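Close look at the chain arrangement
Given next are the chains, with one letter for each unit.
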Amino acid sequence: MALKASPEEQARLLDLQALDTKLQQLDHRAKNLPEVAQLVSLAAEAERLRVQRTRETGTVEDARTELKRVESDVAVIEARIARDEARLQASSSVKDVAGLEHELAGLRRRHDELEDIELVVMEKLETLENGVRVTAAEHAQALEAMTATAEARDAALTTIDEERAVNAANRQAIAGAVSRELLALYERQRARYGLGASHLRGGVSSASGVKLLENEMAIIRSAAPDDVLMCPDSQAVLVRTGESGLHGGAGSDSP
């Protein structure tokens, strides 16, 4: 036996479909928030900066070790210079004096070389330390941006959840005003084809966007107002209203 339902009850399916579409849109929004993609990008950038800072910190430590070694070599040379100068002052041997002066000349040359090296290493260390500070600041900014973006995401999800709750409550109220048989048909078709109800407007099915053929319209016009019809293209329940484009006949538009 064909399913029957009043035009008013069938029209409720359009409200139900609108709410189901809205709920699907909300789910899609929740899954595709721009903040979600931004967080992925920011997390990758924060990790890159963390690795870079670790690498740069290691390079700074190597430079500091190098500077300490050069400073130690300078201290050793200075101690030897001080020792030889003291021996030179105390020596009365021409041969010893000549040997000490020769050695001191070599030590002073080496001392000058080490001081030049020390200066280069100090400049390099300063540059590396500045680099670490810049990277650390950029890393901190990335973490702050992640926190702010996560808060924005959570706020957006809260708004979506609130909208979803309102729409779900409205859906429940409308579904409660639809007969069990008609609701079951709607849910079955929506699960199969994506849409459960289609508005026939001006001879066009809203679910498929296709204008029905004249022979299909003739069948619809001949149907009783409480006959439950199916859209031949989308397989959704075809709901007729005053906008359907039906002219005369048993299934004419409701006033």
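1. Concerning the pairing of strand β4 (residues 237–240)
- Neither face of β4 is exposed, since V237 and V239 on one face and L238 and R240 on the opposite face are all buried.
- Direction of pairing for strand β1 (residues 197–201) relative to β4: parallel, over a ladder of four bridges. Within the sheet, the bridge partner assigned to L200 lies in β4 and is R240.
- With two bridges joining them, strand β3 (residues 229–230) and β4 adopt antiparallel strand pairing.

2. Considering unusual backbone geometry
- Phi at Q235 takes a positive value of approximately 65 degrees, unusual for a residue other than glycine.
- Topologically, Q235 is positioned in the loop between β3 and β4.

3. Here we look at the sheet that holds β1
- Spatial ordering of the open sheet is given by β2-β1-β4-β3, a layout of four strands whose pairing is mixed. Here the strands that pair on one side only, and so sit at the sheet edges, are β2 (204–205) and β3.
- Across the sheet, helix α1 (residues 7–31) touches β1 and β4, and the angle it forms with β4 is around 115 degrees.

4. Describing the environment of E118
- Along the chain, E118 falls in helix α3 (residues 94–175).
- By relative accessible area, E118 is classed as buried at 17%.
- Apart from the residues within four sequence positions on either side, E118 is in contact with L67, V70, E71 and V74.

5. Some thoughts on the packing of helix α2 (residues 34–90) against α3
- Between α2 and α3, whose axes approach to 6 Å, the crossing angle comes to 165 degrees. When the axes of α2 and α3 are compared, the pair comes out roughly antiparallel. When you trace α2 past α3, the crossing you get is left-handed.
- Of the residues that constitute the contact of α2 with α3, the class distribution is 32 nonpolar, nine polar and 24 charged.

6. Looking at the pairing of β1
- Among the five residues in β1, four count as buried, and that is most of the element.
- Bridge analysis of β1 against β2 gives two bridges, and the strand direction is antiparallel. Across the sheet, residue L200 finds its bridge partner in β2, namely S205.
- Between β1 and β2, which follow one another and run antiparallel, lie two residues, and G202 among them has a positive phi close to 60 degrees.

7. Remarks on a negative patch on the surface
- Where like charges cluster on the molecular surface, the negative patch consists of E78, D112, E115 and D116.
- When residues of the negative patch are assigned to their parent elements, the largest contribution, three residues, is made by α3.
- Within the fold, D112 resides in helix α3.
- Exposure remark for D112: the relative accessible area of 44% places this residue in the partly exposed category.

8. Brief notes about the confidence of the model for the chain
- For the chain, the average pLDDT comes to 93, and 96% of its residues sit at 70 or higher.
- Note that pLDDT drops below 50 for residues 248–255; the model gives that stretch 22 contacts with residues more than four away or on any other chain.

9. Topic: the environment of E35
- Position of E35 relative to the elements: it lies in helix α2.
- A residue is classified by how much of its surface remains accessible, and E35, at 16% relative accessible area, is buried.
- Spatially, the C-alpha atom of E35 lies 33 Å from that of S208, the residues being 173 residues apart in sequence.
- Those residues in contact with E35 that lie beyond four places of it in its chain are T149, A152 and R153.

10. Some details on the pattern of salt bridges
- All told, the structure shown has 25 salt bridges when counted by the stated rule.
- As a salt-bridge pair, R64 and E129 come within 2.9 Å of each other at their nearest N and O atoms. Taken together, the positions of R64 in helix α2 and E129 in helix α3 put the pair 65 residues apart, joining distant regions of the chain.
- Residue R221 pairs with E214 through a salt bridge whose shortest N-O separation is 2.9 Å.

11. Side note on α1
- In this model, α1 (25 residues) spans 37 Å end to end at C-alpha, consistent with the 36 Å of a helix rising 1.5 Å per residue.
- Packed against the buried residues of α1 are α3, α4 (180–193), β1 and β4.

The rules we used
- Residues numbered from 1 in each chain as written.
- Predicted model: local features only at pLDDT ≥ 70, side-chain atom pairs only at ≥ 80, totals over all residues.
- Heavy atoms only, no water.
- Buried < 20%, exposed > 50% of the residue type's maximum accessible area, 1.4 Å probe, protein only.
- Helix = DSSP H or I, 4+ residues; strand = E, 2+ residues; numbered from the N terminus.
- Pairing = 2+ DSSP bridges.
- Contact = heavy atoms within 4.5 Å.
- Axes fitted to C-alpha atoms, helices over the stretch in contact; angles between N-to-C directions.
- Parallel < 35°, antiparallel > 145°, perpendicular 65-115°, else oblique.
- Left-handed = near helix turned anticlockwise from the far one by under 90°.
- Nonpolar A, V, L, I, M, F, W, Y, C, P; charged D, E, K, R; others polar.
- Patch = residues over 30% accessible without salt bridge, like charges linked within 9 Å, V, L, I, M, F, W, Y side chains within 5 Å.
- Areas by Shrake-Rupley, 256 points an atom, 1.4 Å probe, with all protein chains shown as cover.
- Salt bridge = Lys/Arg side-chain N within 4 Å of Asp/Glu carboxyl O.
- Lys, Arg positive; Asp, Glu negative; His and termini not counted.
- Charge placed at Lys NZ, Arg CZ, Asp CG, Glu CD.
- pLDDT = per-residue confidence, 0-100.
- Expected span 1.5 Å × (residues − 1).

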